[in-house]
Each structure stands twice: as structure tokens, then as C-alpha cells.
Amino acid sequence: MKIQLYLVLIFLFVLPSFSFAKYNTFEGGVFTSSWGIGLQGSYLYSNEILFGGDIISATRSIKSSGTYVSVDGEITVKTYEGFARYYFRDIEYTDGFFGQGGFAIRSWKMNADYVENSTASKVGSIKMEWSPYVLVTGLGWHKIWDNGVSFSSSMNGVWGGKMNVDYEENLYQFDSNTKTELEELDYPLNFVIYLGYSF
Amino acid sequence: MKSYHIIIVLIMLIISGCGNEVSTSTKDESATITMAYLDGTWTRECELTDKSSTSAKVAINFSGSSDNATKTTTFYTGTICYNTNYILREKINNITIGSKTATAANLIITKYTAVTLDITIEPKSTALATSLNDASFCGLTSWSSGSETSIAGKTCSSTTYSSVNDGFRDLVQMNSERTYIRTGNTSELGSDGYPSTVYYNKYFK
């Protein structure tokens, strides 16, 4: 995963400074999203084109205790993204509307064990794993104020991802409703609210 | 707005949220029950009976080598399984283990069939034997303390017991670690004659 981090950093800071040093405006900030909390950096290449990258991380504990069975698990989501953004500056009624596309390197995993309370016997387990490389495209709106404060919101979708769900049944058969519910949790969309500073 | 911008926006809208292609696999890690796995004595904890002032303890002894089993229910006059009153023994043989399936509640179980070999009651006190003889319990007057008397095919109180050589159907559930089993709830039979639910209390080896 260190290699992926270096790639993102190179994409964010090194490449822009050598290849695209034209507009010379950088930006950094934090955001919250459907995929977790993240850090974002970007380089405004021109008035219409921006290159950026971000790191997103989230860990959620899955705990549930029923009369007979308890569920104990965790979902870990780490995402490294690089993207290019195009601003539609000539739209009359709003400035800052953009479309973007890029790639993401994902390390997304979920494990949950179902355990019988009275005996600690394994009733079943579920493992979910997502493919590491996907394309991400989206639409959003970005505003930079004169004092440098920057805000954006965007909706992004995954393109070309895969999700594997492995069910292990020990004492219990997972029914089709449970499976359908789980398989719909594939996080295909990422809604991002970003706050940053332009310098 | 230029027309190519509209096209770009539309393309992005279309390809956004295509999502992840989902693939699934299901692995059956439940115990595949055999007579070898069942072989031995499995015992339930002491339980209060319906009357609450008395108690009982149930054990099943499976014999893997001869495909038979005896379910022994020991009834006590006390609440914590002391002072034995009588013992009910349900004996089956020719056990045939079926394949794995699941109940309506999705519990993985294995059905099995057998043949009733005998059902007996053994009074453990002379007072009880005398009382049973006086009441002509199960239509019998040959009760004796410490001796088993067959009640197969008899009606005792409101319960009618299976006759010798009657078919027997039950189910068994075993955890993956093979440390306990559960059997079927014989008071809830399905249309196929097997219990449709699992009795919650467990037998430990």
C-alpha cells in the first residue's frame, strides 16, 4: 500500500510542478464522503482543468447482539484516487460546475462472524472484498472565494469495479433476502463534501 | 452551453454509478454428520419439567458400530436432578443418516430414520412401582422397582407410544466444532413426518 501512497503523492505534487506549471495554483483540504474521511490535494492547470488526488480512509465496526446469535465484524475502506477535472466555465447561471474522471486504488474489505451466544460456536461468516482498481467519474460544483477558502461537493460513481461476497455457513443458511441486502451494499457512489484552501 | 458540453455531461451521468459487478460464493462448512461423529453419549443439562417442582435429565447414547441409539430421560422428584423417580428409555435401531438440509428457519440440519426397538419405564422406588400397579398405569400391573417394563404401543396417561418396529423420524443438528448436537422438536412435525423445528436445548458430549 506504500507504493500506492507514493504514486498519489507523485501525482499530486511532483508531476504538476514539472509538467503543468502554468497556472501555478495549488489547493489542499479535507472532505467527508460516503467512502470515509479524506485528504485532497489538487493543482489548477488552467482556468478549466484541474488535476488532483486524495486519500480516503474509514473503519466501521459491525456489532449486533441478538437473543441467540451475535455478529462481530469490521469494514475497512482505504482509497487512493487520482483525477482530472474539467470546469464548464461558460455556463451562464453557475460557475464552478465540473465533471471529473480518474482512477482509484481501493483496499476495501469486510468480515463479519455470526456466533452463537450460548456456546460461542460459529454460526456462519461473511467476507466481502472489492477489486482494487476502478475508474471513477462524477459531477460536482466547486467555489473558491477571494480569501482562498475553497468548497466543493460532488457525486462520483465507480466504473468497472467488482465485489466478491463469500458466505460461509456453519449452522445457518443465509437466506436470499439477507444476501440481496448485503450485495446491494457495494458502495457504487461516493458523495463528497470538501473544504479546502487555495494557495 | 455548448453542445459538446451537454454530451460530456450526459456521458458522465450515464457512466457514473455503474457500480461493482457482484460475484458470490457460498461455502458449506457445517458438520457432515455420520454415525461415527454421533458415536458416544450426549447429555443435556438438568431441566425443570413442566410441573416445575421436579426435574429431568436427558441423554442419548449413539452406537456408531451397531447403528442404534438409546434416549434416556431420567426423572427426579427434586428440582436440581436429585432423588431419581423413574427412567424412560426410548431405543431405536437401523439408524440411517440422510443428507443435509435446512429448516424453515434456515438452520442446517440432517434428517435420519430409524426403527423403534423398544420403549421402557423403570421405576426407581418400590413406592412408585406400587402406585403404578395400583393405577394400572399404561394398562399394566407388572411394575417393579429397578426393572424395565415395555410401554411400546401402550397409551399412558394421554400419551400413546410407538410400537416396536414402528418407523422413527428425527433430525439432528451438530455445530462445526462437533461439540454439541440438537435434535428435532417432536411436538412440531412437518408434513413429511420429520420435526419441522429444532429443539433449542443442546446435548453435549
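What you see is a predicted model; the values in this text were computed from it and never measured.

### Here we look at the overall build of chain A
Working step 1: Scanning chain A for helices and strands turns up two helices and 10 strands.
Working step 2: Starting at the N terminus and ending at the C terminus, chain A contains elements arranged as α-β-β-β-β-β-β-β-β-β-α-β.
Working step 3: Partitioning the intrachain contacts of chain A with sequence separation of at least 6 by distance along the chain shows that 59% fall at a separation of at least 24.

### What to know about the interface of chain B and chain A
Working step 1: Taken together, the contacts link 31 residues of chain B with 35 residues of chain A.
Working step 2: Counting residues per element, the ones that place at least two in the side of chain B that touches chain A are helix 1 (3-15) and strand 1 (20-28) of chain B.
Working step 3: With nine residues, strand 1 of chain B is the single largest residue contributor to the side of chain B that touches chain A.
Working step 4: A per-class count over the side of chain B that touches chain A returns 11 nonpolar, 14 polar and six charged.
Working step 5: Alignment of strand 9 (residues 161-169) of chain A against strand 1 of chain B, held across nine bridges, turns out to be parallel. From the neighbouring strand, Tyr 167 of chain A faces strand 1 of chain B, where its bridge partner is Thr 26 of chain B.

### Details of the pairing of strand 3 (residues 49-65) of chain A
Residue and element names in this part refer to chain A.
Working step 1: Bridge count for strand 2 (residues 36-44) against strand 3 is eight bridges, and the pairing is antiparallel. Bridging across to strand 3, Tyr 43 finds its partner in Phe 51.
Working step 2: What sits between the antiparallel neighbours strand 2 and strand 3 is a turn of four residues.
Working step 3: The sheet contact formed by strand 3 and strand 4 (residues 69-87) spans 17 bridges and is antiparallel. Each bridged residue has a counterpart across the sheet, and for Ile 56 the counterpart in strand 4 is Thr 79.

### Focus on unusual backbone geometry
All names here are of chain B.
Working step 1: In this structure, Asn 106 takes a positive phi of about 70 degrees despite not being glycine.
Working step 2: As for its position among the elements, Asn 106 is in the loop between strand 6 (84-102) and strand 7 (108-123).
Working step 3: For Asn 106, a count of 14 C-beta atoms within 10 Å translates into the label partly exposed.
Working step 4: Not every positive phi belongs to a glycine, and Cys 138 is a case in point at roughly 65 degrees.
Working step 5: Relative to the assigned elements, Cys 138 resides in the loop between helix 3 (126-135) and strand 8 (149-150).

### Quick word on the environment of Glu 183 of chain A
Working step 1: By the element assignment, Glu 183 of chain A lies in helix 2 (residues 176-183).
Working step 2: By C-beta crowding, Glu 183 of chain A is classed as partly exposed, having 15 other C-beta atoms within 10 Å.
Working step 3: Distance in space between the C-alpha atoms of Glu 183 of chain A and Gln 173 of chain A is 16 Å, their sequence separation being 10 residues.
Working step 4: Setting aside its immediate chain neighbours within four residues, Glu 183 of chain A contacts Val 165 of chain A together with Val 22 and Thr 24 of chain B.

### Topic: the confidence of the model for chain B
Residue and element names in this part refer to chain B.
Working step 1: In this model, chain B carries an average pLDDT of 91, and 91% of its residues clear a pLDDT of 70 or more.
Working step 2: Within chain B, no element has a lower average pLDDT than helix 1, which sits at 59, and none a higher one than strand 2 (residues 40-43), at 98.
Working step 3: Scoring the predicted complex yields pTM 0.76 and, for the interface, ipTM 0.75.

### Re helix 3 of chain B
All names here are of chain B.
Working step 1: For helix 3, the complete set of buried residues consists of Leu 128, Ala 129 and Leu 132. One side of helix 3 carries all its buried residues, which in axial view fall inside an arc of 100 degrees. Within helix 3, the exposed residues directed more than 90 degrees away from the buried face are Thr 126, Ala 127 and Asp 134.
Working step 2: Among the structural elements, strand 6 and strand 7 are those in contact with the buried residues of helix 3.
Working step 3: Note on helix 3: the residue one or two positions beyond its end, Ser 136, has a positive phi of about 50 degrees.

Conventions used here
- Residues numbered from 1 in each chain as written.
- Chains lettered and ligands numbered in written order.
- Predicted model: local features only at pLDDT ≥ 70, side-chain atom pairs only at ≥ 80, totals over all residues.
- Helix = DSSP H or I, 4+ residues; strand = E, 2+ residues; numbered from the N terminus.
- Contact = placed C-beta atoms within 7 Å.
- Nonpolar A, V, L, I, M, F, W, Y, C, P; charged D, E, K, R; others polar.
- Pairing = 2+ DSSP bridges.
- Buried ≥ 20, exposed ≤ 12 C-beta atoms within 10 Å, placed from the backbone.
- pLDDT = per-residue confidence, 0-100.
- Arc of directions from axis to C-beta.

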